[in-house]
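Observations on the three-dimensional arrangement
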Amino acid sequence: MDRDGWLYAWAIASVAFGAGSLLVPLYFVAIGGETFMLGVLAGVAAAAGAPGALIFGRVADKTGKRRSLVLLALGLATSALLLVSLTEQPWLVIVGNGLLWFAAGAAAPVLTLLVTAGTVERDWPARFAVLNRYQGWGWAGGLVLGLVWTTLLSGPLGEIPAQQSLLWLCAAAVGLSAFLGAKWLPSDPDELDRPRPSRVARAIARSRRLPVRSATFPVGQGRLYWLTRSIHPREVAARFSPSLTIYFGAVVAFFVGFGVFWGPLPLYLSRTLGYESGLVFALYLVSSVGSALWYDRAGGLAERYSPSGLQVGGLLARAALHPAVAVVGLLLPVTLVGTAVNGIVFVLIGVAWAVIAVTAASVVTQLAPPAIRGEALGLYTAISGLASGGGSILGGWLGGYDFLLAFGVAGGLVLVGAALVAVVWRRSPTMSVDSEPLSA
């Protein structure tokens, strides 16, 4: 087995994570979960990865025990999927889903160490890109699997049994990943061979990231650990420029808006519009693929134009597209034309995300003083995750009253974020580019 053979094992687990990212919310809706609790489900998932990354990353960094930590994370993920599949109690599904994304977050920083094994530092960004390619397309493959499986089996088996059987398949996939990982994962290094954390952080800060999943699940927990592990809050805050402070205010606003939209969305699509599970998977898939296909083009545009100006355009698009999903549902409910129009809307949502993700790194890098650039990138990741989780809970609460209200508020919050980024753009009109999407 070549040195990248273990990445095939991780790709199999990524298929399960990709399918589970939407399958668990759909299962939650099918067993009778209500709108607010769906928001809680999404919020807990968004928040759970951070402590996993911080705990496992610190242990891996201190002990060098990488193989056992990855296998432990895969074991936790397998248990989480089985727990979800064997219960129809909403609160247990929330717990199981939180454990699943704790495990996914826990594996992320350790995988960063594994992929750099035996590689000189100048090649680390390229190795991170290899890792992203395997896990990103594995994630997309999971969405395809969910589409095909639920489309073919929901009729013969019924909706809940079809979803439970897919959860069992996902658990088996993660179990297989652990089995293969035990055979193929690189050996733990000697202490002298472990990379210095500061060097890993610098390499991650300059690496290009192209994960397909980021259209709908934008937080990168591997990046979160490495870019915040040595953070000194008072020192970082003391060096914040006014423009960087305004920009982080914008990040809070538009990521809360993203959470308000994505949190209750599965229930809206499946219960209000009556879409079958396979169709919901298809909408999420086209959004993620739309992002993947636009990353390079967005990067090219950011090299020619102001990244902050481009981000304003992407945010304005998202501000309009979020409520558009509800408007399409009102005007063209459960029709072929309405479904096609929603498909176009979701593709555009993914394209807009590609622009936002690519330009965010450039904006933060340009605004932050060199001494705190890595920490500022880490704060972006941490803030975006917390804001998205809080927004998901808010979206579930608003969706319990009216989905048009929820998606309208989502669009309004993104619009506020766009206005704040526009202020930054006006203050720094000559900003240019070192573009990379901020996900891991």
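Anything mentioned here points back to the structure above.
Values in this document were obtained by computation on a predicted structure and should not be read as measured data.

1. A few points about the overall build of the protein chain
The secondary structure content of the protein chain amounts to 16 helices and zero strands. Across the 440 residues of the protein chain, 58% fall into the buried class. Once local pairs closer than 6 in sequence are excluded, the contacts in the protein chain between residues at least 24 apart make up 87%. About 16,300 Å² of surface is accessible on the protein chain, with carbon and sulfur atoms providing 66% of the total.

2. Quick look at the packing of aromatic side chains
Using the criterion set out here, one finds 21 aromatic pairs in the structure. Ring centres of Phe-254 and Phe-255 lie 5.3 Å apart, and the angle between their planes is 35 degrees; this geometry places the pair in the tilted category. Here Phe-254 and Phe-255 have matching classes, each one buried. Ring geometry for Phe-261 versus Trp-262: centroids 4.9 Å apart, planes at 70 degrees, classification edge-to-face. Phe-261 sits in the buried class, given a relative accessible area of 0%. Three or more aromatic residues joined by ring pairs form one cluster here, namely Phe-261, Trp-262, Tyr-268, Tyr-284, Phe-346, Phe-403 and Phe-407. Sitting over the face of the ring of Trp-294, Arg-297 holds its NZ or CZ atom 5.1 Å from the ring centroid.

3. Brief notes about the packing of helix 4 (residues 90-115) against helix 8 (residues 221-228)
The N-to-C vectors of helix 4 and helix 8 enclose an angle of 70 degrees; their axes lie 7 Å apart at closest approach. In terms of orientation, helix 4 and helix 8 fall into the roughly perpendicular class. Here the hand of the crossing between helix 4 and helix 8 comes out right-handed. Judged by residue contacts, Gly-105, Ala-108, Pro-109, Thr-112 and Leu-113 of helix 4 engage Gln-221, Gly-222, Tyr-225 and Trp-226 from helix 8.

4. Some details on the packing of helix 2 (residues 35-63) against helix 3 (residues 66-85)
Closest axis-to-axis distance for the helix 2/helix 3 pair is 11 Å, and the angle between their directions is 160 degrees. As judged from the angle between their axes, helix 2 and helix 3 are roughly antiparallel. By crossing handedness, the relation of helix 2 to helix 3 is classed as right-handed. In contact with Phe-56, Val-59 and Ala-60 of helix 2, helix 3 contributes Leu-69, Leu-72, Ala-73 and Leu-76. Its residues placed into classes, the contact of helix 2 with helix 3 shows seven nonpolar, no polar and no charged.

5. Here's the deal with the nonpolar core
Nonpolar side chains tend toward joint burial in soluble globular proteins. In this structure, Tyr-247, Phe-254, Leu-265 and Leu-269 are the most contacted members of the largest nonpolar core, which totals 124 residues. With 15 residues, helix 1 (residues 5-30) is the single largest residue contributor to this core. In this structure, this core is formed jointly by two domains, domain 1 (1-187) and domain 2 (234-429), each of which donates at least three residues. Discounting chain neighbours no more than four positions away, the residues touching Phe-254 are Tyr-247, Gln-311, Leu-315, Ile-356, Leu-413, Val-414, Gly-417 and Val-421.

6. Thoughts on the environment of Leu-321
Following the sequence through the fold, Leu-321 ends up in helix 13 (residues 307-331). By relative accessible area, Leu-321 is classed as buried at 12%. Sequence separation between Leu-321 and Val-345 is 24 residues; the distance between their C-alpha atoms is 6.5 Å. In contact with Leu-321, other than residues within four places in its own chain, are Val-345, Leu-348 and Ile-349.

7. Notes on helix 5 (residues 124-157)
With 34 residues, helix 5 should reach 50 Å at 1.5 Å per residue; the first-to-last C-alpha distance of 47 Å fits that figure. At Thr-150, helix 5 is bent by approximately 30 degrees, the largest bend along its length. The positive-phi residue at the C-terminal boundary of helix 5 is Gly-158, with phi of around 100 degrees.

Cut-offs applied
- Residues numbered from 1 in each chain as written.
- Predicted model: local features only at pLDDT ≥ 70, side-chain atom pairs only at ≥ 80, totals over all residues.
- Heavy atoms only, no water.
- Helix = DSSP H or I, 4+ residues; strand = E, 2+ residues; numbered from the N terminus.
- Buried < 20%, exposed > 50% of the residue type's maximum accessible area, 1.4 Å probe, protein only.
- Contact = heavy atoms within 4.5 Å.
- Areas by Shrake-Rupley, 256 points an atom, 1.4 Å probe, with all protein chains shown as cover.
- Phe/Tyr/Trp six-rings, centres within 6.5 Å; stacked < 30°, edge-to-face > 60°.
- Lys NZ or Arg CZ within 6 Å of the ring centre and 35° of its normal.
- Axes fitted to C-alpha atoms, helices over the stretch in contact; angles between N-to-C directions.
- Parallel < 35°, antiparallel > 145°, perpendicular 65-115°, else oblique.
- Left-handed = near helix turned anticlockwise from the far one by under 90°.
- Nonpolar A, V, L, I, M, F, W, Y, C, P; charged D, E, K, R; others polar.
- Core = buried A, V, L, I, M, F, W, Y, C linked by side-chain atoms within 4.5 Å.
- Domains from an automatic or database assignment.
- Expected span 1.5 Å × (residues − 1).
- Bend = angle between axes of the 7 residues up to and from the residue.

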